[in-house]
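Here is what each chain is made of, one letter per residue.
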Amino acid sequence: MNKTLNTFGIVALCIAGPLSAQDAAADAVEAAIEAADAAANQTSPPDVQIQLPAEELVYSPKPELIEFSSLQMMPGDYPPEAWVADEEGSVYYSLAVDAEGGVTDCTILESSGSELLDAKTCEIALERAQFRPATDRDGSRIAGEHRDHQVWSKREPEFPGTATINVEYTLTAMGKATDCEVIEVSGEISRGMRRTMEEEPCPGINRPAQAPFRDENGHPVDKRVNVAIVVVVSDLEE
């Protein structure tokens, strides 16, 4: 309605004014009419359809181990006969996992070279392993396979039996261990502990500076340190 009234006002102005003004007004009227027609014919923009992605299906082609530690053999799991015979090696194996996540079978893919270690590997896997079952593309639970391996390597206590270690060194005011002297290393000591003694016979001898000793006034001072370790291993009384 307002556009129509404005048009009529411009027409009236054209009639009342001089000829040149009338021509200009006529052009303005024509432009106003065209603008009004364009506004009337303008259509609203089409609705935008947003396509949301479909919910992704749960798909897991392989069973998922719930606790990785369940397939890590403990040192105490070592078969006694294999221990005495110094048998070591790596076992590669496959576990059949049903649609409920239970282990139903164990197959040795590559032997350790010891039947005892191979058998123990499967025994523990069948007893301890728990899985989230595999699923198909529809999200349904299905049976699957899990492959893994176990390294069997003998480990001993640091002191398998009674032993004595006695060393002496100087800890300087700058916190450095120097002048290391091995006084005694005897008894039953593991291979690992002997390697440690070879690399670092005295505490801190091959390490960065440590906290030094201090006098009553807080000044760092040199000190001679003697470390004596006596280990006694005995059977428990029944």
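These lines cover the structure that appears in this document, whether it is placed above or below. Since the model is a prediction, treat every value here as computed from it, not as a measurement. (Residues numbered from 1 in each chain as written. Predicted model: local features only at pLDDT ≥ 70, side-chain atom pairs only at ≥ 80, totals over all residues. Heavy atoms only, no water.)

For the structure shown, the criterion picks out 2 aromatic pairs. Measuring from centroid to centroid gives 5.3 Å for Tyr78 and Trp152, while their planes differ by 80°, and the two rings are edge-to-face. Of this pair, Tyr78 sits in the loop between β1 (64-65) and α3 (80-84) while Trp152 sits in strand β7 (residues 144-152); the two residues are 74 residues apart in sequence, bridging distant segments of the chain. Residue Tyr78 shares its accessibility class with Trp152, and that shared class is buried. Ring-pair connections join several aromatic residues into one group, and the members of that group are Tyr78, Trp83 and Trp152. It is Lys154 that lies over the ring of Trp83; its NZ or CZ is 4.4 Å from the centre. (Phe/Tyr/Trp six-rings, centres within 6.5 Å; stacked < 30°, edge-to-face > 60°. Helix = DSSP H or I, 4+ residues; strand = E, 2+ residues; numbered from the N terminus. Buried < 20%, exposed > 50% of the residue type's maximum accessible area, 1.4 Å probe, protein only. Lys NZ or Arg CZ within 6 Å of the ring centre and 35° of its normal.)

Here we come to the sheet that holds β7. One open sheet accounts for 3 strands, arranged β3-β2-β7; its pairing is antiparallel. Each end of this open sheet is capped by a strand with a single partner; those strands are β3 (103-110) and β7. Between one strand axis and the next, the sheet turns through 25° on average, direction left out of account. Relative to β7, strand β2 (residues 89-97) is paired through 9 bridges, and the arrangement is antiparallel. In the strand pairing of β7, Val91 is matched with Gln150. Against the sheet, helix α4 (residues 115-128) makes contact with β2, β3 and β7, and its axis sits at roughly 150° relative to β3, the strand it touches most. (Pairing = 2+ DSSP bridges. Axes fitted to C-alpha atoms, helices over the stretch in contact; angles between N-to-C directions. Contact = heavy atoms within 4.5 Å.)

In this structure, Glu200 sits in the loop between α5 (191-199) and β10 (213-214). What makes Glu200 buried here is its relative accessible area of 18%. Separated by 3.1 Å, the side chains of Glu200 and Arg207 make a polar contact. Excluding anything up to four places from it in sequence, Glu200 contacts Ile205, Asn206 and Arg207. (Polar contact = N/O pair within 3.5 Å; in protein donor to acceptor, adjacent residues only side chain to side chain.)

A word on the pattern of salt bridges. Enumeration according to the criterion identifies 9 salt bridges in this entry. Of the charged contacts, one joins Arg147 and Glu145 as a salt bridge, the two residues approaching to 3.1 Å between their closest N and O atoms. Overall, Arg147 belongs to the exposed group, its relative accessible area being 56%. What makes Glu145 partly exposed here is its relative accessible area of 37%. Put simply, Glu156 and Arg191 hold a salt bridge, and the shortest N to O gap is 3.6 Å. Remark: Arg191 occurs in helix α5 and Glu156 occurs in the loop between β7 and β8 (163-171); sequence separation between them is 35 residues. Under the relative-accessibility criterion, Arg191 is labelled exposed at 54%. Taken together, the shared-partner salt bridges in this structure form one network comprising Glu168, Glu181 and Arg224. (Salt bridge = Lys/Arg side-chain N within 4 Å of Asp/Glu carboxyl O.)

Moving on: the sheet that holds strand β9 (residues 177-187). As summarised here, the arrangement of the 3 strands in space is β9-β8-β12, forming an open sheet in which the pairing is antiparallel. A strand with exactly one partner marks an edge of an open sheet, and here the two such strands are β9 and β12 (223-231). Neighbour to neighbour, the strand axes of the sheet diverge by 10° on average, direction disregarded.

Under the defined criterion, the tally for this structure stands at 2 disulfides. Here Cys180 is linked by a disulfide to Cys202, with a sulfur-sulfur distance of 2.0 Å. Around the S-S axis, the bridge from Cys180 to Cys202 shows a dihedral of about 80° and counts as right-handed. On the criterion of sequence distance, the pair formed by Cys180 in strand β9 and Cys202 in the loop between α5 and β10 is long-range, its members being 22 residues apart. Here the cysteine-cysteine linkages of the chain are recorded as 1-2, 3-4, numbering only bonded cysteines and doing so in sequence order. (Disulfide = S-S within 2.5 Å.)

The next subject is the pairing of β8. By the criterion of burial, β8 is predominantly enclosed, with 7 of the 9 residues buried. Linking two consecutive strands that pair antiparallel, namely β8 and β9, is a turn of 5 residues; a positive phi of about 85° is found at Gly175 within it. As paired elements, β8 and β12 share 9 bridges and run antiparallel to each other. The residue bridging Thr164 from the neighbouring strand is Val230, located in β12.

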